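A look at the structure
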Amino acid sequence: MGTLADLISSTLVFSVALIFAALGGVFSERSGVFNIGLEGMMTAGAFGAAIASYYMETDGGATTSSPWVGLIAGVVCGLVFALLHAYATVSLKADQTIVGVVINILAVAVTLYLVKIIFEGAGDTAQLQNVFAKWPIPLLSDIPFIGRAFFNSYPTTYIAYILVPLSSYLLFKTPFGLRLRSVGEHPGAADTVGINVIKYRYIGVLISGALAGLGGATITLTTTSNFSHSTISGQGFIAIAALIFGRWNPYGVFGAAFFFGMAQALRNFLTRFEFSQSIPTEFLYMLPYVLTLIVLAGAIGKSVRGPAAAGEAYDPSKR
């Protein structure tokens, strides 16, 4: 039981960043904007968290506040790239897929360039001394199996526990969520009844950037303790797969992200066993990405349909 609890706990470590980014994708696509740029926004968030935490450490030697400052910086950096995405796709009506690809390329290029400038040509940032530690929740962490699996985790995990039901409530139980979903399903009808399509699409994309930045920052502050060009390594694309597999629903996204997170946790878990020595390391690292391709192929085969107007620029003259 202890081994299984450890596997679930490890799965949550890898899942949380995917949960944040995929939840962001839910808000963006529910508003009618494809966000292929989640990878780039996660990259920006991971970079922002590393740089902010590094300067906090070097200037003041902060021990408890620097990871939180890094987390906020990651959100801000994700928002910056989301604003670029929203301006290009919503205001300028550029192709959403192409803009997302550009955001991904731009984020990697800009962050790596800045890292080389700040760290005198190095390809990655210095290792952070102060990152998040696991917080056992009093009483809950003492529950056999459940406590060890779910309530002895990083603070970002508990944030994810809150954000999933909160996102579901906002999307499906509030006027804000109804309006956001309406501009993603039928923007012309929404505009007719006075809903500002441009405003809600901007909001959807900006929320996606904030959450993707939070996801990237989570990886830096719980897993890698620094930033390099390979910190994200396709996590944004896995988040998109979780978004589709979860059918644009926060609870579905949580389950899908947990599934993909387990694939990554298994990669490390299997190394405990002697038989894994005969398996090439490359095959273990391929596992999450192979599962992503299989899930996407299955989704396409079942004709999974997202928001009706997602991917379409809104032209008020054609409503």
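Note: the structure precedes this text.
Residue positions are given per chain, counting from 1 as you read along its sequence in written order. Owing to the predicted nature of the model, reporting of local features is limited to residues with pLDDT of at least 70; listing and counting of side-chain atom pairs is limited to 80 or more, with chain, interface and lining totals taken over all residues. As a convention, hydrogens and water are excluded, and side-chain values are obtained from all of the structure's heavy atoms.

1. Quick notes on the overall build of the protein chain
Secondary structure elements are taken from DSSP: a helix is a run of H or I of four residues or more, a strand is a run of E of two residues or more, and numbering for both begins at the N terminus. Counting its regular elements, the protein chain contains twelve helices and two strands. Beginning at the N terminus, the succession of helices and strands in the protein chain can be written as α-α-α-α-β-α-β-α-α-α-α-α-α-α. C-alpha atoms define the radius of gyration, and 2.2 Å times the number of residues to the power 0.38 defines the globule rule. Taken over C-alpha atoms, the radius of gyration comes to 20 Å for the protein chain, in line with the 20 Å a tight globule of 319 residues would show. Dimensions of the protein chain, computed from C-alpha atoms along their principal axes, come out at roughly 65 × 45 × 40 Å. Here's how the labels work: a residue is buried when its accessible area is under 20% of the maximum for its type, exposed when over 50%, partly exposed in between, all with a 1.4 Å probe on protein chains only. Here the protein chain holds 319 residues, and the buried ones make up 50% of them. In this analysis, two residues are considered to be in contact whenever any of their non-hydrogen atoms come within 4.5 Å of each other. Here the contacts in the protein chain between residues at least 6 apart in sequence split such that 77% fall between residues at least 24 apart. If the 17 positive side-chain charges of the protein chain are averaged to one point and the 15 negative ones to another, these points end up 13 Å apart. Note on charges: Lys and Arg go in the positive column, Asp and Glu in the negative column, and His and the chain ends are not counted at all. For this purpose, a charge sits on NZ of Lys, CZ of Arg, CG of Asp or CD of Glu.

2. Quick look at the nonpolar core
In this structure, Leu23, Met42 and Phe260 are the most contacted members of the largest nonpolar core, which totals 68 residues. The biggest single contributor to this core is helix α1 (residues 2-30), with eleven residues. Excluding its chain neighbours within four sequence positions, the residues that come into contact with Met42 are Ala17, Ala21, Ala212, Gly215, Gly216, Ile219, Ile232, Gln235 and Gly236. For the purposes of this section, nonpolar cores are sets of buried Ala, Val, Leu, Ile, Met, Phe, Trp, Tyr and Cys residues that join through side-chain atoms within 4.5 Å.

3. Observations regarding the pattern of salt bridges
Two side chains bearing opposite charge may form a pair once their charged atoms approach each other closely. For salt bridges, the criterion is a side-chain nitrogen of Lys or Arg within 4 Å of an Asp or Glu carboxyl oxygen. Enumeration according to the criterion identifies one salt bridge in this entry. A salt bridge links Arg148 to Asp6; its shortest N-O distance comes to 3.0 Å. Of this pair, Arg148 sits in helix α5 (residues 146-150) while Asp6 sits in helix α1, and the two are 142 residues apart along the sequence. A residue is classified by how much of its surface remains accessible, and Arg148, at 43% relative accessible area, is partly exposed.

4. Observations concerning unusual backbone geometry
A positive phi angle, close to 55°, is found at Glu120, a residue other than glycine. Among the secondary structure elements, Glu120 is positioned in the loop between α4 (96-118) and β1 (135-136). Owing to a relative accessible area of 77%, Glu120 belongs among the exposed residues under this scheme.

5. Considerations on the side chain of Gln235
By secondary structure assignment, the location of Gln235 is in helix α10 (residues 235-245). In contact with Gln235, not counting residues within four places along its chain, are Leu18, Glu39, Met42, Ile219, Gln264 and Tyr289.

6. Quick word on the environment of Val16
Here Val16 is to be found in helix α1. Given the relative accessible area of 2%, Val16 is considered buried. For Val16 and Lys173, which are 157 residues apart along the polypeptide, the C-alpha to C-alpha distance reads 24 Å. Discounting chain neighbours no more than four positions away, the residues touching Val16 are Thr156, Thr157, Ala160 and Thr218.

7. Some details on the packing of helix α6 (residues 155-173) against helix α11 (residues 250-269)
How two helices sit against one another is set out by the angle between their axes and by the gap between those axes. A fitted line through C-alpha atoms represents every axis, and for helices the fit uses only the stretch in contact; the resulting angles, taken between N-to-C directions, go from 0 to 180 degrees. Between α6 and α11, whose axes approach to 8 Å, the crossing angle comes to 150°. If you check the angle between α6 and α11, you find them roughly antiparallel. Within the contact between the two elements, α6 uses Val164, Pro165, Ser167, Ser168, Leu171 and Phe172 and α11 uses Pro250, Tyr251 and Phe254. Polarity classes work like this: nonpolar for Ala, Val, Leu, Ile, Met, Phe, Trp, Tyr, Cys and Pro, charged for Asp, Glu, Lys and Arg, and polar for all others, with Gly in that last group. A per-class count over the contact of α6 with α11 returns seven nonpolar, two polar and no charged. Angles are sorted into four bins: roughly parallel if under 35 degrees, roughly antiparallel if over 145, roughly perpendicular if 65 to 115, and oblique for all others.

8. Digging into α10
The element α10 is extensively covered by neighbouring structure, given that eight of its eleven residues are classed as buried. Arg247 sits one or two residues past α10 and shows a positive phi near 55°.

9. Some words on the environment of Tyr161
Relative to the helices and strands, Tyr161 resides in helix α6. Counting along the chain gives 56 residues from Tyr161 to Ile105, while the straight-line C-alpha distance between them is 31 Å. Every residue in contact with Tyr161, bar those within four places of it in the chain, is listed here: Leu12, Phe150 and Phe151. Within the structure, the side chain of Tyr161 is placed 2.8 Å from the backbone oxygen of Phe150, a separation counted as a polar contact. We define a polar contact as two N or O atoms separated by no more than 3.5 Å, with the added condition that, inside protein, one atom must be a possible hydrogen donor and the other a possible acceptor, whereas residues neighbouring each other in sequence contribute only through side-chain atom pairs.

10. What to know about the packing of α6 against helix α7 (residues 175-185)
The interhelical angle for the contact between α6 and α7, taken along N-to-C directions, is 70°, at an axis separation of 5 Å. Relative to α7, α6 is oriented roughly perpendicular. For the pair α6 and α7, contact is made by Leu170, Leu171 and Phe172 and by Phe176, Gly177, Leu178, Leu180 and Arg181, respectively. Its residues assigned to classes, the contact of α6 with α7 comprises six nonpolar, one polar and one charged.

These figures capture arrangement, not role.
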